[in-house]
Amino acid sequence: MSANLSALFYLISGILFILALRGLSSPETSRQGNFFGIAGMAISIIVTFLSVGNFGPGFVYVLIFLLIGGSIGAFIAFRIPMTAMPELVAGFHSLVGLAAVFVAISAFLKPEAFNLGIVGNIKLASLIEMSLGASIGAITFSGSIIAFLKLRGIMSGSPITFRGQHIINLILGLTIISLTYYLCVSQSANIFWTLLIISFLVGVLLIIPIGGADMPVVISMLNSYSGWAAAGIGFTLENTALIITGALVGSSGAILSYIMCKGMNRSFFNVILGGWGATDQTSTSQNKEQKPVKNGNADDAAFLMKNASSVIIVPGYGMAVAQAQHALREMVDALKKNGVKVSYAIHPVAGRMPGHMNVLLAEANVPYDEVFELEEINNDFANCDVAYVIGANDVTNPVAKSDPQSPIYGMPVLDVEKSKSVLFVKRSLSPGYAGIDNDLFYRDNTLMLFADAKKMTEEIVKSL
Amino acid sequence: MEIDPFIFRLSIFILSIFIGYYVVWSVTPSLHTPLMSVTNAISSVIIVGAIIAALAGVSEDIFETSNIFGFLAIILAAVNIFGGFLVTQRMLQMYKKKKK
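On a predicted model such as this, the values are computed, not experimentally measured, just so you know.

**Quick look at the pairing of strand β7 (residues 421–426) of chain A**
Residues and elements named next belong to chain A.
- In terms of burial, β7 is largely enclosed, as six of its six residues are buried.
- Side chains S421, L423 and V425 project from β7 onto one buried face, and the interleaved V422, F424 and K426 project onto a second face that is buried too.
- Relative to strand β8 (residues 446–450), β7 is paired through five bridges, and the arrangement is parallel. Its bridge partner being in β8, K426 is matched across the sheet by F450.

Written out as structure tokens, the structure is:
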């Protein structure tokens, strides 16, 4: 296949990828969008086979490896529980990053195959693009691995900080830039390997200081990085499909990071430079005086909700941990039978990744037109009888509106306290990830339900 | 004077960033998780590079170091392509409207 013809096909793939994202503007068109994406991928792969034109023994191996990788991927996709989506996505990001690194290594070892020159005399522009792609790929890989370990609970979610951290990162960043320069001058393989190793290190150092609650930003950011890595390789290979995709994914991840930061009223740099949890531990311990709390049980909750005319459910990460979404749906069904109007309110940063709660509710067969975003529903709390907060905490804290001293001041929160009564399902009075006490626990109209989210919801279903 | 092809690629790249910007803002927030998994799947189009690395300019020995890196990258990208698209499909199947 001629280079021009294949370039046209790559352009078509690129357009199909754009349509895949476009489809996600509404759930009705989203499934079609996903097929566009699959079609674009199929075209890219077939065109590459045809343009390389090597159907020797190597081709058979490629097919075998494709099949092995594909089966592993399909197996994971069907087996993974929806609650584990954040770590799955982090894991997948690491694979894209590592694949980019491998392609860059291969191009460096054998530039003839990619028309980039010969070993020891690779074209300058290609070398720069290649080292950019490899370096970002390596950062994506090791960063995503750390994010995966934190989300999976293998590594503690609390931020790991040490003195001089930012200076070390700065020095390593500058080292990467100067190594790229020396690589271009000397074409030395040793410098290329050093560049990769330092990039892997930067990925680790970049993610360890970021705490559990900031994971939505981290995942979005790594999403963005994996796109830029792909684009870097796309420039090296002079491949339009890769360049378009890289740009799409890169900007998509960047926008999601922005939305997540805005949902917490924090700047991007503030998140990157270290978590909340690390700085605010002290302020919670001194605030230990006992305040009166109204303690309720499942029967009280069932009674309150059964006699309400409208209930708003506020899910958070705790619902995901307890896998309470199905029990919650049963409870809502029972309430609806009693003529109660029920809707769901989702805070932008509820959960561990953008849209996490929406997916879990969809899994439990909650129709998506009963689920609302913060801006859509926040005014409704004033007219609602019961707010059922399940596994959320910081995103309901009224202190964000009233106390300029609070670390979460200015963060958009759900106005849960405006409803006639608040049911708060929580295991204990411990503060949330921001490490601050929630004023809501001690309000007159708040009834605390101390239990595991799933168990409590099931008990409420029983007494309904 | 002729324009360097790099400039064309740079133009495509920058225009695509703009397209990405507008397309992603129109994605409904409730589909942000599928957005991440599908962007993850399409970024595995890096498999194009992996296939070239594995097959192009092959001499007698198909298992030279550079080819091996190509094969490894193919496995990684394939996990992502199949895993990414299928898990997205699985999620999107769950988004249903209220039964009337």
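There's more to say after this.
**Observations concerning the layout of surface pockets**
- Approximately 790 Å³ is the volume attributed to the second largest pocket.
- If you go around the second largest pocket, you meet 26 residues; those closest to its centre are A3(A), S6(A), Y10(A), L237(A) and E238(A).
- Residue assignment for the lining of the second largest pocket shows that the elements contributing at least two residues are α1 (3–23), α2 (27–52) and α8 (215–237) of chain A together with α1 (5–25) of chain B.
- Per element, the largest residue contribution to the lining of the second largest pocket is seven residues, and it comes from α1(A).

**Some thoughts on the sheet that holds strand β4 (residues 341–346) of chain A**
Residues and elements named next belong to chain A.
- Spatial strand order, β5-β4-β3-β6-β7-β8: six strands in an open sheet with parallel pairing. The sheet is open, and its two edges are formed by β5 (371–373) and β8, each paired on a single side. On average, adjacent strands in this sheet sit at an angle of 25 degrees to one another, irrespective of strand direction.
- Pairing between strand β6 (residues 386–390) and β7: five bridges, direction parallel.

**A closer look at the packing of helix α3 (residues 57–79) of chain A against helix α4 (residues 65–94) of chain B**
- Two elements in contact, α3(A) and α4(B), have axes separated by 7 Å at closest approach and are oriented at 35 degrees. In this structure, α3(A) crosses over α4(B), and the sense of that crossing is right-handed.
- Classifying every residue of the contact of α3(A) with α4(B) by side-chain character gives 17 nonpolar, five polar and two charged.

**Some remarks on a nonpolar patch on the surface**
All names here are of chain A.
- A cluster of nonpolar side chains, M1, L5, L8, L11, I15, L19, I46, L50 and F55, forms an exposed patch at the surface whose accessible area comes to about 790 Å².
- Those elements that place two or more of their residues in the nonpolar patch are α1 and α2.
- For the nonpolar patch, the element with the highest residue contribution is α1, accounting for five residues.
- Along the chain, the position of I15 falls in helix α1.
- Residue I15 is classed as partly exposed on the basis of its relative accessible area of 43%.

**Section: the confidence of the model for chain B**
- Mean pLDDT over chain B stands at 89; residues scoring 70 or higher make up 92%.
- With a pTM of 0.90, the predicted complex shows an ipTM of 0.94.

Rules used throughout
Residues numbered from 1 in each chain as written. Chains lettered and ligands numbered in written order. Predicted model: local features only at pLDDT ≥ 70, side-chain atom pairs only at ≥ 80, totals over all residues. Heavy atoms only, no water. Buried < 20%, exposed > 50% of the residue type's maximum accessible area, 1.4 Å probe, protein only. Helix = DSSP H or I, 4+ residues; strand = E, 2+ residues; numbered from the N terminus. Pairing = 2+ DSSP bridges. 1 Å grid on protein atoms, 1.4 Å probe; cavity = no way out; pocket = protein on both sides within 12 Å on 5 of 7 lines; lining within 4 Å. Points joined across faces, edges and corners; volume = space filled by probe spheres on them. Axes fitted to C-alpha atoms, helices over the stretch in contact; angles between N-to-C directions. Left-handed = near helix turned anticlockwise from the far one by under 90°. Nonpolar A, V, L, I, M, F, W, Y, C, P; charged D, E, K, R; others polar. Patch = residues over 30% accessible without salt bridge, like charges linked within 9 Å, V, L, I, M, F, W, Y side chains within 5 Å. Areas by Shrake-Rupley, 256 points an atom, 1.4 Å probe, with all protein chains shown as cover. Salt bridge = Lys/Arg side-chain N within 4 Å of Asp/Glu carboxyl O. pLDDT = per-residue confidence, 0-100.

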